[in-house]
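# Fold and geometry: a report
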Amino acid sequence: MVIEHTFVGRRLPMVDGKEKVSGIGENIADVTLPGMLHGRMLRSPHPHARILNIDTSDAERVPGVKVILTGQNSPQPKFGISVLDETPFCTDKVRYVGDEVAGVVADTEEALDEALAKILVEYEPLTSVTDPLYALEEGTSLVHEDKPRNIAYGFEIERGDVSDAFRNADQIFKGTYRTHLTHQAYLEPTGAIGSYRNGQLTVWGCLQSIYAIRPYLLSRPMGIPLDDVTVIQTRPG
């Protein structure tokens, strides 16, 4: 007897496929709030470098710019999920290409572009660590000075008798395997919109895990009670 399944073994369309390919679905870039300002980050061009000076004076004079934030003029609480080792902006050095150095808030996208281009940052390039095995060696340049051998967080999981499994295995294969960097291609850039009114923070964004973002990336570092933080997942782009 052949059993015909409704779902198993069949090609099924994505539930939101039509909205995505037709462009009628609302992504984060389509969301607009009354009186909304625009913000963007100035990011590091270096994988590892010390920040010697940040000059925002010319950028602050751009018409439409509301505020420019850096690690020197804004609170820098430590946050993270496994390890509290991140800050809103880099304070002493950058640790990867794209690390956040400054943030600009302005009335328009055009003002943002002009202001970001006028922020001057003086860097002292440092030795970068690009190989995970080399990063573990003694004497290697440290990404975080308080993390010996560049181990930020570690744990071990062992189930069963591993040694016995090797002893009784018919064959044991050992090898080193490397692959190229792979990353997904988004239909839209990552973004978020925030609204803070009467002590209540609401954030809309194309996010990965709202239940991790609420306590670890918003409530705790910003000092806002968790009950006063709402995160709304927009359509993933």
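The notes below deal with the structure included here. Note that this is a predicted model, so its numbers are computed, not measured. (Residues numbered from 1 in each chain as written. Predicted model: local features only at pLDDT ≥ 70, side-chain atom pairs only at ≥ 80, totals over all residues. Heavy atoms only, no water.)

### A look at a nonpolar patch on the surface
Where nonpolar side chains cluster on the molecular surface, the patch consists of Phe7, Val8 and Leu12 and spans about 340 Å² of accessible area. Turning to its location among the elements, Val8 is positioned in the segment before α1 (17-22). (Patch = residues over 30% accessible without salt bridge, like charges linked within 9 Å, V, L, I, M, F, W, Y side chains within 5 Å. Areas by Shrake-Rupley, 256 points an atom, 1.4 Å probe, with all protein chains shown as cover. Salt bridge = Lys/Arg side-chain N within 4 Å of Asp/Glu carboxyl O. Helix = DSSP H or I, 4+ residues; strand = E, 2+ residues; numbered from the N terminus.)

### A closer look at the pairing of strand β5 (residues 100-106)
For β5, the buried fraction is high: six of the seven residues fall into the buried class. Note: strand β1 (residues 38-43) against β5, six bridges, orientation antiparallel. Along β5, the bridge assignment pairs His38 with Ala106. One ladder, built from five bridges, connects strand β3 (residues 65-70) with β5; its direction is antiparallel. (Buried < 20%, exposed > 50% of the residue type's maximum accessible area, 1.4 Å probe, protein only. Pairing = 2+ DSSP bridges.)

### Concerning the pairing of strand β8 (residues 200-205)
Looking down a regular strand, the side chains alternate between one sheet face and the other. Extensive coverage of β8 is indicated by the burial of five of its six residues. Note: strand β7 (residues 192-197) against β8, six bridges, orientation antiparallel. Bridge pairing in β8 links Ile193 to Trp204. With antiparallel pairing between neighbouring strands as the criterion, β7 and β8 make up a hairpin whose turn holds two residues, including Asn198 at a positive phi of roughly 50°. Relative to strand β9 (residues 229-233), β8 is paired through five bridges, and the arrangement is parallel. Within β9, the residue paired with Leu201 across the bridge is Val229.

### As for the sheet that holds β8
Read from one edge of the open sheet, three strands run β7-β8-β9, paired in mixed fashion. The open sheet terminates on both sides in strands that have one partner only, identified here as β7 and β9. Between one strand and the next, the sheet's axes are offset by a mean angle of 15°, whatever the strand orientation. Where helix α6 (residues 210-222) meets the sheet, its contacts fall on β8 and β9, and the angle it forms with β9 comes to roughly 145°. (Axes fitted to C-alpha atoms, helices over the stretch in contact; angles between N-to-C directions. Contact = heavy atoms within 4.5 Å.)

### Re the pattern of salt bridges
According to the stated counting rule, one finds twelve salt bridges in the structure shown. For Arg43, the salt bridge goes to Glu100, with nearest N and O atoms at 3.3 Å. Taken as a pair, Arg43 in strand β1 and Glu100 in strand β5 lie far apart in primary sequence, 57 residues in all. We note a salt bridge from Arg61 to Asp58, for which the minimum N-O separation is 2.5 Å. With a relative accessible area of 59%, Arg61 lands in the exposed category.

### What about the sheet that holds β1?
Spatial strand order, β1-β5-β3: three strands in an open sheet with antiparallel pairing. Strand pairing shows two members of the sheet lacking a second neighbour, β1 and β3, which therefore form its edges. Sheet twist, expressed as the average angle between the axes of neighbouring strands with direction ignored, equals 20°. Contacts from helix α3 (residues 109-118) reach β1, β3 and β5, with the element oriented near 20° to β1.

### Section: α6
By the burial criterion, the buried members of α6 are Ile210, Ala212, Ile213, Leu218, Ser219 and Pro221. The inward-facing, buried residues of α6 contact β8 and β9. Two residues or fewer after α6 comes Gly223, characterised by a positive phi angle close to 70°.

### Re α3
Among the residues of α3, Ala111, Leu112, Ala115 and Leu116 are the ones counted as buried. Axial view of α3: buried residues confined to an arc of 125°, hence all on one face. Exposed and facing more than 90 degrees away from the buried side of α3 are Glu110 and Ala117. For α3, the secondary structure elements touched by its buried residues are β1, α2 (57-60), β3 and β5. (Arc of directions from axis to C-beta.)

By themselves, these observations are geometric and do not establish any function.
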